[in-house]
Structures are given as structure tokens and as C-alpha cells.
Amino acid sequence: MVVNAFASEYIGSDNIELRLGVSWAADTLAVRQKRRIYDITNVLEGIDLIEKKSKNSIQWKGVGAGCNTKEVVDRLRYLKAEIEDLELKEKELDQQKLWLQQSIKNVMDDSINNRFSYVTHEDICNCFNGDTLLAIQAPSGTQLEVPIPEM
């Protein structure tokens, strides 16, 4: 709990010159034992986020150049939007797959169509032009793993 309070209060500040005293931090966070503040500062110093200026004084260094910048925030927004777009496309493809499955079922369930229906190798290849197509006949429950080719 103290770590969360410390982090929300001080970490991520844009002020690189942020300097604070351990006693002041302990008072502000209402921590009875300064040792807890020292524990936190030791960890943050170990991962190079702060620098100890003296025994009771620390300075925020940050996570390095470019990590808390507008570019990172913009990139994050772009990636989130891209994920949403891909999820919508996935839902659309799932819907189209269901329609196709239902169409095939309708043809196969119709006894008149079933007798005369057939598909040639060329018909299938034309439907999936440019895609890799594998036609496999295997017992129920068979699992097939096809690795994605390296480009």
C-alpha cells in the first residue's frame, strides 16, 4: 500500500528536477517507519529510476529518454485503435464463416441438391485464389498444426 501511494505521488512526474527528502515522504504518506521509504527507494534506485543525492534525499531520474513522451502516448493510442479495428475484422470474418457453413449445410441437407452436388479441384482453388489451401481428410478428432512460414 505504501509503495502504491509512493508511486502515485512521485513516480512518472515530468519534473526531472524533482527532489524530495525521505522524512518529508514518510510524513506525507503517513508512514511511521522511514525504513519502508528506504525499502522503496532502494528498489527504485536498483532499477535506475531514482538517484540518491544524500542519505535522506533522492532525485527522480525517470525511465529514460523517450519513455514518457507524447510519441509513446500517441503510439499507444494508435496500437489500441489498430487492435479495435482488427477485432472488428475478426468478428466480420467469423460471421462470414458462419454464413458459408450454413450455406454448405443447406446444400447438403437438400436431398435433391445432394445427389447432384460436386466440387472440382479447380472450383476450390478458384475460391481461394492466392491463398495456401490444404485439403485434408482425417478421422474425427485429428489435430493438424501448420506453422506460419517465415518471410
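In this text the structure is predicted, and so the values were computed from the model without any measurement.

K.L.:
Residues and numbers for the overall build of the protein, please.
P.N.:
Looking only at helices and strands, the protein features six helices and three strands. Reading the secondary structure of the protein in the N-to-C direction produces α-β-α-α-β-β-α-α-α. Taking as baseline every contact in the protein between residues at least 6 positions apart, the subset at least 24 positions apart corresponds to 40%.

K.L.:
A description of the pairing of strand β2 (residues 50–54) should follow, citing residues and the corresponding values.
P.N.:
Two faces belong to every sheet, and in a regular strand the side chains alternate between them. Pairing between β2 and strand β3 (residues 57–60): four bridges, direction antiparallel. For isoleucine 50, the partnering residue across the bridge sits in β3 and is tryptophan 60.

K.L.:
Let's hear about the pattern of salt bridges: which residues, and what values?
P.N.:
Oppositely charged side chains are able to pair whenever their charged atoms sit close together. Per the stated rule, a full pass over the model turns up five salt bridges. Where aspartate 39 meets arginine 36, a salt bridge forms, and the shortest distance between an N and an O atom there is 2.4 Å. Of the two residues, aspartate 39 and arginine 36 both sit in helix α3 (residues 34–46), three residues apart, roughly one turn of that helix. Take aspartate 39: its relative accessible area is 30%, and that puts it in the partly exposed class.

K.L.:
Explain α3 residue by residue, including any values.
P.N.:
The terminal C-alpha atoms of α3, which comprises 13 residues, lie 18 Å apart, in line with the 18 Å expected from a rise of 1.5 Å per residue. Taken together, the buried positions of α3 are Ile37, Tyr38, Ile40, Thr41 and Leu44. The buried residues of α3 occupy one face: seen down the axis, they fall within an arc of 165 degrees. In α3, the exposed positions angled more than 90 degrees off the buried face are occupied by Val43 and Gly46. Downstream of α3 by a residue or two, aspartate 48 has a phi angle that is positive, lying close to 65 degrees.

K.L.:
Please give an account of the nonpolar core that cites residues and values.
P.N.:
Considering soluble globular proteins, one finds that nonpolar side chains tend to be buried as a cluster. If you look at the biggest cluster of nonpolar residues, it comprises seven residues: Val22, Ala25, Ala26, Leu29, Val31, Ile37 and Tyr38. Looking at this core, the elements with two or more residues in it are α2 (22–28) and α3. Broken down by element, this core gets its largest block of residues, three residues, from α2. Ile40, Leu44, Leu49 and Ile50 belong to the second-largest nonpolar core, a separate cluster that totals six residues.

K.L.:
Kindly report on the layout of surface pockets, identifying the contributing residues and their values.
P.N.:
Its boundaries defined by the atoms lining it, the largest pocket holds a volume of some 390 Å³. As for the largest pocket, its lining consists of 14 residues, of which Leu100, Ile104, Val119, Ile124 and Cys127 are closest to the centre. Contributing elements (two or more residues each) for the lining of the largest pocket: α4 (70–109) and α6 (121–127). If you tally residues by element for the lining of the largest pocket, the top one is α4, at four residues.

K.L.:
Tell me what's going on with a nonpolar patch on the surface, and back it up with residues and numbers.
P.N.:
Together, Leu100, Ile104, Val107 and Met108 line one region of the surface with nonpolar side chains, adding up to about 360 Å² of accessible area. Tracing the sequence through the fold places methionine 108 in helix α4. Here methionine 108 falls in the partly exposed class, since its relative accessible area comes to 42%.

K.L.:
Can you break down the confidence of the model for the protein residue by residue, with the values?
P.N.:
Residues at a pLDDT of 70 or more form 79% of the protein, whose mean pLDDT is 75. Taken element by element, the predicted model of the protein shows its lowest mean pLDDT in helix α1 (residues 2–10) (54) and its highest in α4 (86).

Cut-offs used in this document
Residues numbered from 1 in each chain as written. Predicted model: local features only at pLDDT ≥ 70, side-chain atom pairs only at ≥ 80, totals over all residues. Heavy atoms only, no water. Helix = DSSP H or I, 4+ residues; strand = E, 2+ residues; numbered from the N terminus. Contact = heavy atoms within 4.5 Å. Pairing = 2+ DSSP bridges. Salt bridge = Lys/Arg side-chain N within 4 Å of Asp/Glu carboxyl O. Buried < 20%, exposed > 50% of the residue type's maximum accessible area, 1.4 Å probe, protein only. Expected span 1.5 Å × (residues − 1). Arc of directions from axis to C-beta. Core = buried A, V, L, I, M, F, W, Y, C linked by side-chain atoms within 4.5 Å. 1 Å grid on protein atoms, 1.4 Å probe; cavity = no way out; pocket = protein on both sides within 12 Å on 5 of 7 lines; lining within 4 Å. Points joined across faces, edges and corners; volume = space filled by probe spheres on them. Patch = residues over 30% accessible without salt bridge, like charges linked within 9 Å, V, L, I, M, F, W, Y side chains within 5 Å. Areas by Shrake-Rupley, 256 points an atom, 1.4 Å probe, with all protein chains shown as cover. pLDDT = per-residue confidence, 0-100.

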